[in-house]
Amino acid sequence: NKDAASLLSEWIGPQAPKAQVRTDDFREKRETELMDGRPIEPESRRFKGPSIVKWIFFILFITYMVISYYRVPILTALGNYLIVDHSLKEADLIVCTPGSPLEQGLMAAELYKRGLAPRIFIPEETPPDGLEIFKAQGGRYPEASGLFISILKSLNVPGSAFIVGNLAVDSIQEEAEEVRKVVMGKGYGSIIIVTSPSRARRAYLIFEKVFEGEKLEIMISPSRYSDFKADNWWTRDKYLNEVVFECQKLLYHTMKSLW
């Protein structure tokens, strides 16, 4: 065994530690460069990952501090962006959008009494799951269009002013397509859209897209009976959720328009 180990050691030769080999190579390189009169070049440094990570955390921290400091102006600007409020003039039709029958009904009744339009379009929303079973068991469920009509009648708006949608709709997009049939069929030239303040921007973009190429004036009137305000909406969880969803829907609408 000793003879075999001796032979193997002679065949392999003496081995220096890796660090020592690297140091000796560097010294030999320096001596060669000094003898040749060439400038000594520093040894290249390897990329340091932790340094980049530190810079990323530093930038994120600065960004967080800036957003925290200017939080109120930024959030107020977002609220103002979502709320589209046009100067109104006489139109042919007031259009209520799906959702919020009370705040929209109050606004639609006010516009009607001001003489801004002689007719009000009321959407027929898709009924909730289980409604047929509920009715079969003798239950009575107030549907959205029925709530709209009840609110408007209690505010002294005559039934002759109502135009109720024929199709059940789930979204502003579907309602805009139905309203287009009504508007084009009756030759209307202008409409006033009543909606929640947080949905005003999206409603305007959707109706503009649906009526693209048509000679129709579209005016947006966000309900002033809503508690959604541009300068304090983030103080209530209800409106925080609304704004998050609206931003997502606006992004989707923008991307869809580009396709």
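Residues numbered from 1 in each chain as written. Predicted model: local features only at pLDDT ≥ 70, side-chain atom pairs only at ≥ 80, totals over all residues. Heavy atoms only, no water.

**Q** How do you make sense of the overall build of the chain when you look at a structure like this?
**A** Looking only at helices and strands, the chain features ten helices and five strands. Across the 259 residues in the chain, those meeting the buried criterion constitute 32%. Residue pairs at least 24 apart in sequence account for 78% of intrachain contacts in the chain once pairs closer than 6 positions are excluded. About 17,500 Å² of surface is accessible on the chain, with carbon and sulfur atoms providing 56% of the total. (Helix = DSSP H or I, 4+ residues; strand = E, 2+ residues; numbered from the N terminus. Buried < 20%, exposed > 50% of the residue type's maximum accessible area, 1.4 Å probe, protein only. Contact = heavy atoms within 4.5 Å. Areas by Shrake-Rupley, 256 points an atom, 1.4 Å probe, with all protein chains shown as cover.)

**Q** Looking at this structure, I do not really get the sheet that holds strand β3 (residues 162-169). What am I missing?
**A** Adjacent strands of a sheet form backbone hydrogen bonds with each other and so pair up, either parallel or antiparallel. Ordered by their spatial adjacency, five strands build an open sheet running β3-β2-β1-β4-β5, and the pairing between neighbours is parallel. Each edge of the sheet is formed by a strand with only one pairing partner; in this case those strands are β3 and β5 (217-222). With strand direction ignored, the average angle separating the axes of adjacent strands in the sheet is 25°. Where strand β1 (residues 93-96) and strand β4 (residues 190-195) come together, four bridges link them in parallel fashion. Residue pairing in the sheet places I94 in a bridge with I192 of β4. (Pairing = 2+ DSSP bridges. Axes fitted to C-alpha atoms, helices over the stretch in contact; angles between N-to-C directions.)

**Q** Can you walk me through the pattern of salt bridges in this structure?
**A** Side chains bearing opposite charge may pair, as long as their charged atoms lie close to each other. The tally for this structure, following the rule as stated, stands at eight salt bridges. Of the charged contacts in the structure, one is a salt bridge between R180 and E214, with a shortest N-O distance of 2.6 Å. A residue pair is termed long-range when its members are at least 10 positions apart, and R180 in helix α8 (residues 172-186) and E214 in the loop between α9 (200-210) and β5 qualify at 34 residues. Residue R180 is classed as partly exposed on the basis of its relative accessible area, which comes to 28%. The class for E214 is partly exposed, based on a relative accessible area of 29%. (Salt bridge = Lys/Arg side-chain N within 4 Å of Asp/Glu carboxyl O.)

**Q** Hey, could you run me through α9 in this one?
**A** Each turn of an α-helix holds 3.6 residues, which means side chains three or four residues apart point in the same direction. Taken together, the buried positions of α9 are occupied by A200, R202, A203, Y204, I206, F207 and V210. Along its buried surface, α9 packs onto α4 (71-82), β1, α8, β4, β5 and α10 (237-258).

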